[in-house]
Amino acid sequence: MHFWAQVFDWFTTSTNWSGSQGIPQLFWHQLELSAVVVGTALALGGGLGVILGHTGRGGLVAVNAANAFRAVPTLALLTLLAIQPAISLKWNGFLASWLALTALAIPPVLTNTYVGMREVDADVRDAAKAMGLTGSQVLLRVEAPLATPFVMAGVRTAAIEVVATSTLAAYVSFTDLGTYVISGLNTNNTVVAFSGAILVAVMAGMVAGVLGLLTRALTPLPLRRHVRSRLVGTRPGFA
Amino acid sequence: MPLGTNPFFRWSYVTSQWSQIQGDLVQHIELSLIAVAIGTAISIPLSVLAWRYRVVRTPVFAVASALYIIPSLALFVILGPLTGFVPPGSYKTAEIALVGYTLLILIWNTVAGLDAVPADAREAAIALGYSPTAALVRVDLPLALPYVFAGLRVALATVIGLVTVTALIGLGGLGQQITYGFTIGYNTPIIVGLVFSIALAAVFDLLLVGAQRLAVPWSRSRNPAGGEN
């Protein structure tokens, strides 16, 4: 049978849509892992970025360190963690995947949060202080809303990278859509590998689209045009 | 390779496996440089078109963004049926996908660089009698170079990281060390792969910085667009 017909068959076989190895289940696993990772990265990277950006101290060092960390190949981190006895394949590979992917997701979130905090106009900050806002009020009511588009840009970048890379989690036995790809490649079943790859691409597109809309929704109305023009010219990962 | 215990790092592995590591390193460099070279060759004309003609800009960015968003492993496997899942066919698979990744980064930066060229400079060139093409080649593109270099740096670093994943389609360069280490449950090869790919990224980044200083002597200390990288 022709390759494309086999792919069509795979997608239309009902058993592939149910059970613990079915498409919905694996799709959900990958989304869940990615969400947990991005959430962790937002808490750690975003939190650190807010603190550094608010105080304006030590930020450059952190941003540079975060960027240097980008060069670390995730496949290496993932496999290295997965063969440590303390981590190994605990929770079916979830632990190793979570840690390795979080390391991947922190740099974009941290960098963008920090940049967003620093981009807040000093005049605006001063005006807020002059109006009697306390430090934490300045942070929550002025800096945070103004930095949101930047933070979200970081979250979107991180999420796209994480969804893409969580495919590799299947290599350390976490079952997600990558399972189709990797087991397909290992067993020379290119139909399954190809179909899995299509599903991964669909998920990546969905996540990129949804987070794009979410970024827009969370950007304060008067800022939308302004931020758009600011983001042009940065690297794609930053916008 | 006798295993026994699994220390964090064992030097004797590096010395005894050196020829293999060297081969992986060479393949890694080859795969990365070819991808960035082809990506640059494609992206410069496309950027010029996207910059000159608004109509072209939207589709160019749409296609480049789509290529960028598709996960690398998925793209390798999606191309597989056409070009091959195992070497030598998978060389083509890997390169096409890697080039796909560089496009958005390079086009984005090049267009931003061209957009940033002061209108005065171009008008002065035209007033001096430059044809539009001559102005493009001798004024616009040189002035956009700092942005182009910023894009090249990001693209090369990204590609060097992604090449490891091609280990899953029988290539991988240093990715071979990583998958080997994982298969036999041994730290050293993974750390070799990790350290060498970081070192490779750092060395090439320095080379690009050096090349930029030679090519753009007038903007030594400034580095716009993605300069944080």
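Residues numbered from 1 in each chain as written. Chains lettered and ligands numbered in written order. Predicted model: local features only at pLDDT ≥ 70, side-chain atom pairs only at ≥ 80, totals over all residues.

1. A few points about the overall build of chain A
Along its length, chain A carries 10 helices and 0 strands. Each helix and strand of chain A, placed in order from N terminus to C terminus, yields the pattern α-α-α-α-α-α-α-α-α-α. Each of the 239 residues in chain A was classed as buried or not, and the buried ones make up 49%. Put simply, of all contacts in chain A between residues at least 6 apart along the chain, 73% involve residues at least 24 apart. (Helix = DSSP H or I, 4+ residues; strand = E, 2+ residues; numbered from the N terminus. Buried ≥ 20, exposed ≤ 12 C-beta atoms within 10 Å, placed from the backbone. Contact = placed C-beta atoms within 7 Å.)

2. So, the overall build of chain B
Looking only at helices and strands, one finds 9 helices and 0 strands in chain B. Across chain B, helices and strands are ordered from the amino to the carboxyl terminus as α-α-α-α-α-α-α-α-α. Considering only C-alpha atoms, chain B reaches an extent of 75 × 40 × 25 Å along its principal axes. Here chain B, with 229 residues, has 48% of them falling under the buried criterion.

3. Section: the packing of helix α4 (residues 74–82) of chain A against helix α8 (residues 175–184) of chain B
Axis separation between α4(A) and α8(B) bottoms out at 9 Å; the angle between their running directions is 15°. In terms of orientation, α4(A) and α8(B) fall into the roughly parallel class. Every pair of crossing elements has a handedness; the one defined by α4(A) and α8(B) is left-handed. Judged by residue contacts, A:Leu75, A:Ala76, A:Thr79 and A:Ala82 of α4(A) engage B:Gly175, B:Ile178, B:Gly181 and B:Phe182 from α8(B). (Axes fitted to C-alpha atoms, helices over the stretch in contact; angles between N-to-C directions. Parallel < 35°, antiparallel > 145°, perpendicular 65-115°, else oblique. Left-handed = near helix turned anticlockwise from the far one by under 90°.)

4. Some thoughts on the interface of chain B and chain A
Between chain B and chain A, the contact holds 39 residues from the first and 36 residues from the second. Secondary-structure elements contributing two or more residues to the side of chain B that touches chain A are α3 (54–69), α4 (72–83), α5 (89–115), α7 (132–163), α8 and α9 (187–215) of chain B. Of the residues that constitute the side of chain B that touches chain A, the class distribution is 25 nonpolar, 13 polar and 1 charged. (Nonpolar A, V, L, I, M, F, W, Y, C, P; charged D, E, K, R; others polar.)

5. Examining the environment of B:Pro142
Mapped onto the fold, B:Pro142 is located in helix α7. Along the primary structure B:Pro142 and B:Val216 are separated by 74 residues, whereas in three dimensions their C-alpha atoms are 7.7 Å apart.

6. Comments concerning unusual backbone geometry
Cis geometry marks the peptide bond from B:Pro87 to B:Pro88, where omega comes out at 5°. For A:Ser173, which is not glycine, the phi torsion reads 65° and is therefore positive. As for its position among the elements, A:Ser173 is in the loop between α7 (135–165) and α8 (177–186). The backbone of A:Asn188 shows a phi angle near 60°, a positive value even though the residue is not glycine. In this structure, A:Asn188 sits in the loop between α8 and α9 (190–218). Given 10 C-beta atoms within 10 Å, A:Asn188 falls into the exposed group.

7. Overview of the environment of A:Thr179
All names here are of chain A. Take Thr179: it is sitting in helix α8. Here the alpha-carbon distance between Thr179 and Gln21, two residues 158 residues apart in the chain, equals 8.8 Å. Contacts of Thr179, omitting those with residues within four sequence positions, involve Leu26 and Ala170.

8. Topic: the environment of A:Ile23
Residues and elements named next belong to chain A. Turning to its location among the elements, Ile23 is positioned in helix α2 (residues 23–55). Spatially, the C-alpha atoms of Ile23 and Tyr180 are 9.3 Å apart, while their sequence positions differ by 157 residues. In this view, Ile23 contacts Asn16, Trp17 and Leu199; residues no more than four positions away in its chain are not counted.

9. As for the nonpolar core
Of all hydrophobic cores here, the largest spans 134 residues; its most connected members are A:Leu78, A:Ala105, A:Val181, A:Ala197, B:Ala74, B:Ile107 and B:Val159. Those residues in contact with A:Leu78 that sit more than four places away from it in its chain are A:Ala96, A:Ser97, A:Ala100, A:Leu168, A:Ala169, A:Tyr171 and A:Val172. (Core = buried A, V, L, I, M, F, W, Y, C linked by C-beta atoms within 7 Å.)

10. Let's talk about the packing of helix α2 (residues 18–52) of chain B against α7(B)
Residue and element names in this part refer to chain B. Interhelical geometry of α2 versus α7 gives an angle of 145° and a closest axis separation of 10 Å. Pair α2 / α7 crosses with right-handed handedness. For the pair formed by α2 and α7, the contact residues are His28, Leu31, Ser32, Ala35, Val36, Gly39, Thr40 and Val48 on the first element and Leu136, Leu152, Ala155, Leu156, Val159, Ile160 and Val163 on the second. Tallied by class, the residues present in the contact of α2 with α7 amount to 11 nonpolar, 4 polar and no charged.

11. Brief notes about the confidence of the model for chain B
All names here are of chain B. Looking at chain B as a whole, the pLDDT averages 88, with 93% of positions reaching at least 70. The secondary structure element of chain B with the lowest average pLDDT is helix α1 (residues 11–16), at 86, and the one with the highest is α2, at 95. Here residues 225–229 is a poorly scored stretch, pLDDT under 50, and it has 23 contacts once near neighbours within four places are set aside; other chains count. Among the scores for the predicted complex, ipTM is 0.81 and pTM is 0.83. (pLDDT = per-residue confidence, 0-100.)

12. Topic: the confidence of the model for chain A
Mean pLDDT over chain A works out to 84, with 93% of the residues at or above the 70 mark. Here residues 229–239 of chain A scores under 50 on pLDDT; set against residues more than four positions off or in separate chains, the count is 25 contacts.

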